[in-house]
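If you want the building blocks of each chain, they are given just below.
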Amino acid sequence: MSRIGKNPIPIPDGVKVSVNGSSVSVEGPKGKLSMEVHPDIKVEVNEAEKVVKVSRPTDRSHHRALHGTTAALIRNMVKGVSEGFTVVLELHGLGYRASMKGNNLELNLGKSHPDVYPVPEGIKIEVKGNEIHVSGIDKQKVGQVAAEIRALRKPEPYKGKGIRYKGEVLKLKPGKAAGKK
């Protein structure tokens, strides 16, 4: 049995989960999400216990993989519509700045021109000092937007300048002077 898939998914107050054939939709205070489930995987909503249960037909490897993945995706949907997801990025570097201009994130990252990142629908970006807060209800979309922003200037390995996730630890390389005696 999948350790992730066998656990029932609790439904918090204010969240409504509905299953229509192979489509699962979750609606909550922050918004609505839906996804298509593989036809072999069975999703049941128990209104009395306020839980969602995911089951599989056999113990074959692809069914086991789908079981855990489907349960994790539904768990993320429930958390997204009730609490939301946030990823914090930090700017490190002299003169590195970020600001919101309308629906675009403008980043000055030591280049001759500012990088302009259009904010996708369903994502909210806030700039607080040298931090960029990316938030939304879809975990995959929030992570993808944060990764795209980070890719505009990845942290370089010698001084650590660039955009990094909050709490990310870099192992800096020694410069060429460090090897001489």
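Look up a bit, the structure's there.
What counts and what doesn't
- Residues numbered from 1 in each chain as written.
- Predicted model: local features only at pLDDT ≥ 70, side-chain atom pairs only at ≥ 80, totals over all residues.
- Heavy atoms only, no water.
- Pairing = 2+ DSSP bridges.
- Helix = DSSP H or I, 4+ residues; strand = E, 2+ residues; numbered from the N terminus.
- Contact = heavy atoms within 4.5 Å.
- Axes fitted to C-alpha atoms, helices over the stretch in contact; angles between N-to-C directions.
- Polar contact = N/O pair within 3.5 Å; in protein donor to acceptor, adjacent residues only side chain to side chain.
- Buried < 20%, exposed > 50% of the residue type's maximum accessible area, 1.4 Å probe, protein only.
- Expected span 1.5 Å × (residues − 1).
- Arc of directions from axis to C-beta.
- Salt bridge = Lys/Arg side-chain N within 4 Å of Asp/Glu carboxyl O.

Colleague: Give a description of the sheet that holds strand β1 (residues 9–10) that names residues and reports values.
Modeller: With antiparallel pairing, 3 strands are arranged side by side in an open sheet as β1-β6-β5. Because the sheet does not close on itself, it has two edges, and the strands there are β1 and β5 (42–46). Together, β1, β5 and β6 (51–55) form the strand contacts of helix α1 (residues 61–82), whose direction differs from that of β6 by roughly 160°.

Colleague: How would you explain the side chain of Asp115 if you had to name every residue and give the values?
Modeller: In this fold, Asp115 is placed in strand β10 (residues 115–118). In this structure the side chain of Asp115 is engaged in a polar contact, spanning 2.9 Å, whose partner is the side chain of Lys111. Discounting residues that sit within four places of it in the chain, Asp115 has contacts with Leu105, Glu106, Leu107, Leu109 and Leu152.

Colleague: I'd like a rundown of the environment of Gly68, residues and numbers included.
Modeller: By the secondary structure assignment, Gly68 is in helix α1. Using a relative accessible area of 12% as the deciding quantity, one classes Gly68 as buried. As a C-alpha pair, Gly68 and Ser55 span 13 residues in sequence and 9.4 Å in three-dimensional space.

Colleague: Before we move on, could you go through the side chain of Arg150 and cite the residues and values that matter?
Modeller: Summarising the element assignment, Arg150 is placed in helix α2 (residues 139–151). Setting aside chain neighbours within four positions, we find Arg150 in contact with Pro155, Ile163, Arg164, Tyr165 and Glu168.

Colleague: So, α2: which residues are in play, and what are the values?
Modeller: Between its first and last C-alpha, α2 extends 18 Å over 13 residues, near the 18 Å set by a 1.5 Å rise per residue. Where α2 is concerned, the buried positions are Val142, Val145, Ala146, Ile149 and Arg150. Along the axis of α2, the buried positions cluster into a sector of 135°, meaning they face one direction only. At its buried positions, α2 is contacted by β7 (85–92), β9 (104–108), β10, β11 (123–128), β12 (131–136) and β13 (162–165). Where α2 begins, the capping side chain belongs to Asp138, and its oxygen is found 3.3 Å from the backbone nitrogen of Gln140.

Colleague: Summarise the environment of Lys124; cite the residues concerned and give the values.
Modeller: Tracing the backbone through its elements, the reader meets Lys124 in strand β11. The spacing of Lys124 and Val134 is 10 residues in sequence and 5.9 Å in space, taken between C-alpha atoms. Among all residues touching Lys124, those that are not within four sequence positions of it are His133, Val134 and Ser135. A polar contact is formed between the side chain of Lys124 and the side chain of Glu126, at a distance of 3.2 Å.

Colleague: Break down the pattern of salt bridges for me, citing the residues and quoting the values.
Modeller: If charged atoms from side chains of opposite charge come close, those side chains can pair. Taken as a whole and assessed by the stated rule, the structure comprises 9 salt bridges. For Glu126, the salt bridge is made with Lys128, and the minimal N-O distance between the two is 3.6 Å. The closest approach of N and O atoms between Glu131 and Lys166, which form a salt bridge, is 2.6 Å. Here the residue Glu131 occupies a position in strand β12, and Lys166 occupies one in the segment after β13, the gap between them amounting to 35 residues. You can call Lys166 partly exposed: its relative accessible area is 49%. It is possible to trace a salt-bridge network through shared partners that takes in Lys124, Glu126 and Lys128.

Colleague: Talk me through α1; I want residue IDs and the actual numbers.
Modeller: Here α1 spans 32 Å end to end across 22 residues, near enough to the 32 Å set by a 1.5 Å rise per residue. Just downstream of α1 lies Gly84, where phi reads positive at about 90°.

Colleague: Break down the sheet that holds strand β8 (residues 97–101) for me, with residues and values.
Modeller: The strand order across the open sheet built from 3 strands is β8-β9-β10, with neighbouring strands paired in antiparallel fashion. Strands at the two margins of the open sheet, each flanked by one partner only, are β8 and β10. Averaged over all pairs of adjacent strands, the angle between their axes in this sheet comes to 25°, without regard to strand direction. Across 5 bridges, β8 lies against β9 in antiparallel orientation.

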